[in-house]
Amino acid sequence: MFAQSQGEARRSVKILVIEDDVETAEYLVNGLHEEGHLVAGVASGNEALATAIEEDFDLLIVDRMIPGFDGLRLVRALRAADRHMPVLFLTALGGVEDRVSGLLAGGDDYLVKPFAFSELSARVAALGRRPRAAAMETSLRVHDLEIDLLSRTARRRDEPIELQPREYRLLEYLMRHAGQVVTRTMLLEHVWDLHFDPRTNVVETHVSRLRSKVDKGFGPQLIHTVRGAGYCLRAPR
Amino acid sequence: MLPARLLRTSSFRLTLAYAGLFGASVLILFGVIYWATDMYITRSLDAAIDSDFVELGNTVNAGGRALLARQIHERLRQMPRGAMHYLLEDQDGNVIAGDLPRFAKSTGRYDLNVHEADSRSRHQRGIRARGAALSGGDYLMVGIDAHPRDEMHELILRAFGWGSGITLVLAFGGGALLSSSLLRRVETISRAAREIMSGDFAQRIPVREADDEFDHLVTSLNAMLDRIQSSMESVRQVSDDIAHDLRTPLTRLRQRLEQGQRARSPEEWHSAAAGCIAEMDAILETFGALLRIAQIESGAAVRHFGEVDLSDVLRTMAEVYEPMADEKGQSFTAQISCGLTVWGDRELVGQMLANIIENAMKHSPPGARIGLETTVCPTEINVAVTDSGPGIPADEHRNVFSRFYRLESSRSTPGSGLGLSLVEAIARLHRVRIDLADNDPGLHLNLRFAPVGAAEIAGCTLADRAQGT
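Just so it is clear, the model here is predicted, and its values are computed rather than measured.

Student: Please clarify how the side chain of H206 of chain A should be interpreted in this entry.
Tutor: One can find H206 of chain A in helix α8 (residues 202-214). For H206 of chain A, the residues in contact, after removing those within four places along its chain, are L170 and W192 of chain A together with E319, V320 and P323 of chain B.

Shown next as structure tokens:
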């Protein structure tokens, strides 16, 4: 049932994919497996519920429209059974109220079909990350860049960086997901709370502004553009 | 109108049920009257008998059986057709005096029927009587004519007969009248419904202006029909639009796939695949926008409406687009009042504003001025998005909101021609008025929001309409 990749994954996530369309399921399982995740797939809601309760998964990817079984019901049942792993809804229902009802039912993220695989992959990485034990942390640090979560200020090489409030939120989001790819839509959702896709390059513009403040004149580049996927803030190797 | 149909109508059945109920209460009422009257008369008859009994009892005490017999004879002789009747028998059952027929000796009160003494009529008459044994074994019975009681009974029964007859006639007549008038009105509605079903969707049920429950029903039905018709039209519009505007990019996609098939090197194949994905994304974007417009036009989102901090949404927009304008070499100025609240969906309002601002920026050249400004008056909140670009000719103002419509001058700029259609759909859902004016140069687009109190009412009625109630 499991597809275990040969090479040691950098951050392997144990994923259960609940998708009734065989081709889509295969695409998801194979794709995620190639990324180094441990992936299982089931096609029916009842099987999904049994499997998810029996085994300990780090993440569930749930199609909202499984025949005869609403993905929302599955998640409610899981939460009632005291299973609190993150759930990513995958759905063709893209309306405002559909997303809201999905999140209200206990979903953690919502991706509307059709989607780019890079988008799914980035979200899986973000959701599958184990929560850090130190929830009380007051600062984040990547290489020589540091932000203070309380005073909401940033410093690099101990030099303060002037940031607008939204730029700070953007930087904080990138720092919290350091080493991971974050996509344009993830940034739009979490930094600006925009759940639609502006057709202009809003994110590009803001990231390049932030980059000019954070990277310019400080030596090694920290904020990287990942072509065709998004952005990644990481320490130089 | 067929009588059989009339009998089947619910109003007629209801009337009948009422008539039955009413008849039953009349029956009970008459029964009580009958019983009470009967009791009263019987009691007075008994009182008369009792007083006579006492008198005759005294006679027995004074003079024995002989005096009693004499007394009875005397009384009957004096009043041969009187109300009182007597019977005195000895212990062997021989009649000593009196005009009542022989009788099985029984004591107490009872009713009996005797044949008329005179033979001209075989008529029976009712007698109320009391019998008692006297000392020495004699038996005395005193009776009184129960004629008044019988008359009263007859009177009451006749009144009851008439009363219930009239009640029934009124109930049937009234029920028929009421039912036929209701049936006529229902018939009008169902005839209109049949015509609509047979394809005449523009048809509406006539309203009688009587402002009664039928008119309310008809008004609701008509509103429902309006709503269904507009939904159907929007669905048809979407399918027309898809057929019309997706065909071109789909054809291009097909061409690119064929190119990929003929690719001779991995590089060629790669570039064909990348081209296909880009084409597909554009198609999906158009498709998504169409679906989104249709979804918004369906009005379902109204159920999730709440208070939206418009000032906050506007500030976010300014924050997002100010650097963008900067990048394009345009200037962006925002003047946003604090504490503006409107009724709606935050995300949709945001998308509407984003589309308008993007539109202004996209169609304006570098160096243009983009403005976002709010003005507040007690009845409305105005949000103006201005630019100093080429503007839109006044005779095109109406057209720019239709789907896939693009000005001749902007054919070369990328875009699906759906941005402002989405704006219009969201604005309509939120009861926001859009006015276009010349900014000289450029476009001045004004959104008129109702402040939260007023819009809340509008939102609710829209929600009611959306649910078809």
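Additional details are given in the paragraphs that follow.
Student: Help me understand the pattern of salt bridges in this model?
Tutor: Should their charged atoms come close, side chains of opposite charge can pair. Taken as a whole and judged by the stated rule, the model has 43 salt bridges over all chains. The partner of R156 of chain A in a salt bridge is D215 of chain A, with the nearest N and O atoms 2.9 Å apart. Taken as a pair, R156 of chain A in strand β10 (residues 153-156) and D215 of chain A in the loop between α8 and β13 (223-226) lie far apart in primary sequence, 59 residues in all. For the salt bridge of D46 of chain B with R109 of chain B, the shortest nitrogen-to-oxygen distance reads 3.9 Å.

Student: What is the right way to look at the sheet that holds strand β1 (residues 14-18) of chain A in this model?
Tutor: Pairing between the strands of a sheet comes from backbone hydrogen bonds, and it takes one of two forms, parallel or antiparallel. Residues and elements named next belong to chain A. Read across the open sheet, the 5 strands follow the order β2-β1-β3-β6-β7; overall the sheet is parallel. Looking at strand neighbours, the two that pair on one side only are β2 (38-42) and β7 (109-112), the edges of this open sheet. Each neighbouring strand pair of the sheet contributes to a mean axis angle of 20°, computed without reference to strand direction. One ladder, built from 4 bridges, connects β1 with strand β3 (residues 59-63); its direction is parallel. Residue pairing for β3: L16 is matched across the bridge by L60. The sheet contacts of helix α2 (residues 45-54) involve β1, β2 and β3, and relative to β1 the element is tilted by about 165°. Along the sheet, helix α3 (residues 71-80) contacts β1, β3 and β6 (87-91); its crossing angle with β6, the most-contacted strand, is approximately 170°.

Student: When you look at the interface of chain B and chain A in this model, what are you seeing that I'm missing?
Tutor: How big an interface is tends to be stated in terms of the accessible area lost upon association of its parts. Each side of the interface is counted separately: chain B has 28 residues, and chain A has 22 residues. Across the chain B/chain A interface, buried area totals approximately 2100 Å², and carbon plus sulfur atoms make up 54% of it. Broken down residue by residue, the surface that chain B buries against chain A is led by M324, E347 and E358 of chain B, which jointly contribute 25%. Across the contact surface, chain B and chain A share 3 salt bridges.

Student: Would you explain unusual backbone geometry in this entry?
Tutor: Negative phi is the rule for most residues except glycine; trans is the rule for most peptide bonds. That bond from K113 of chain A to P114 of chain A is cis: its omega, -5°, falls within 30 degrees of zero. Within the secondary structure, P114 of chain A is located in the loop between β7 and α5 (117-128). With omega at 0°, the peptide bond leading from D440 of chain B into P441 of chain B counts as cis. Inspection of the secondary structure puts P441 of chain B in the loop between β11 (433-438) and β12 (443-449). Phi is positive for D82 of chain A, close to 65°, though the residue is something other than glycine. The exposure class of D82 of chain A is exposed, given its relative accessible area of 58%. Within the chain, D158 of chain A stands out as a residue other than glycine whose phi angle is a positive 65°.

Student: Mind showing me how you'd approach the nonpolar core here?
Tutor: For soluble globular proteins, the rule of thumb is that nonpolar side chains tend to be buried together. Formed by 86 residues in total, the largest nonpolar core has its most connected members in L187 of chain A together with L310, Y321, L447 and F449 of chain B. Each residue touching Y321 of chain B, except ones within four places of it in the same chain, is listed here: P198, T200 and V202 of chain A together with F332, A354, I357, E358 and M361 of chain B. Counting residues in each nonpolar core, the second largest holds 21 residues, with L49, V62, L72 and Y110 of chain A among its members.

Student: What exactly am I supposed to notice about the sheet that holds strand β12 (residues 181-183) of chain A here?
Tutor: Residues and elements named next belong to chain A. The strand order β12-β14-β13 describes an open sheet built from 3 strands, whose pairing is antiparallel. Bordering the open sheet on either side are β12 and β13, each of which pairs with just one other strand. Sheet twist, expressed as the average angle between the axes of neighbouring strands with direction ignored, equals 35°. Across 4 bridges, β13 lies against strand β14 (residues 230-233) in antiparallel orientation. Looking across to β14, one finds that I223 is bridged to L233.

Student: So what exactly am I meant to see when it comes to the packing of helix α8 (residues 346-363) of chain B against helix α9 (residues 419-429) of chain B here?
Tutor: The description of two helices packed together rests on the angle between their axes and the distance between the axes. Residues and elements named next belong to chain B. Running from amino to carboxyl end, α8 crosses α9 at an angle of 145°, the nearest separation of the two axes being 9 Å. When you trace α8 past α9, the crossing you get is left-handed. Here L348, V349, Q351, M352, N355, I356 and N359 of α8 lie close against α9, whose contacting residues are G419, L420, L422, V423, I426, A427 and L429. Residue composition of the contact of α8 with α9, grouped by class: 10 nonpolar, 4 polar and no charged.

Here is what the cut-offs are and how they apply
- Residues numbered from 1 in each chain as written.
- Chains lettered and ligands numbered in written order.
- Predicted model: local features only at pLDDT ≥ 70, side-chain atom pairs only at ≥ 80, totals over all residues.
- Heavy atoms only, no water.
- Helix = DSSP H or I, 4+ residues; strand = E, 2+ residues; numbered from the N terminus.
- Contact = heavy atoms within 4.5 Å.
- Salt bridge = Lys/Arg side-chain N within 4 Å of Asp/Glu carboxyl O.
- Pairing = 2+ DSSP bridges.
- Axes fitted to C-alpha atoms, helices over the stretch in contact; angles between N-to-C directions.
- Buried area = accessible area lost by both parts, 1.4 Å probe.
- Buried < 20%, exposed > 50% of the residue type's maximum accessible area, 1.4 Å probe, protein only.
- Core = buried A, V, L, I, M, F, W, Y, C linked by side-chain atoms within 4.5 Å.
- Left-handed = near helix turned anticlockwise from the far one by under 90°.
- Nonpolar A, V, L, I, M, F, W, Y, C, P; charged D, E, K, R; others polar.

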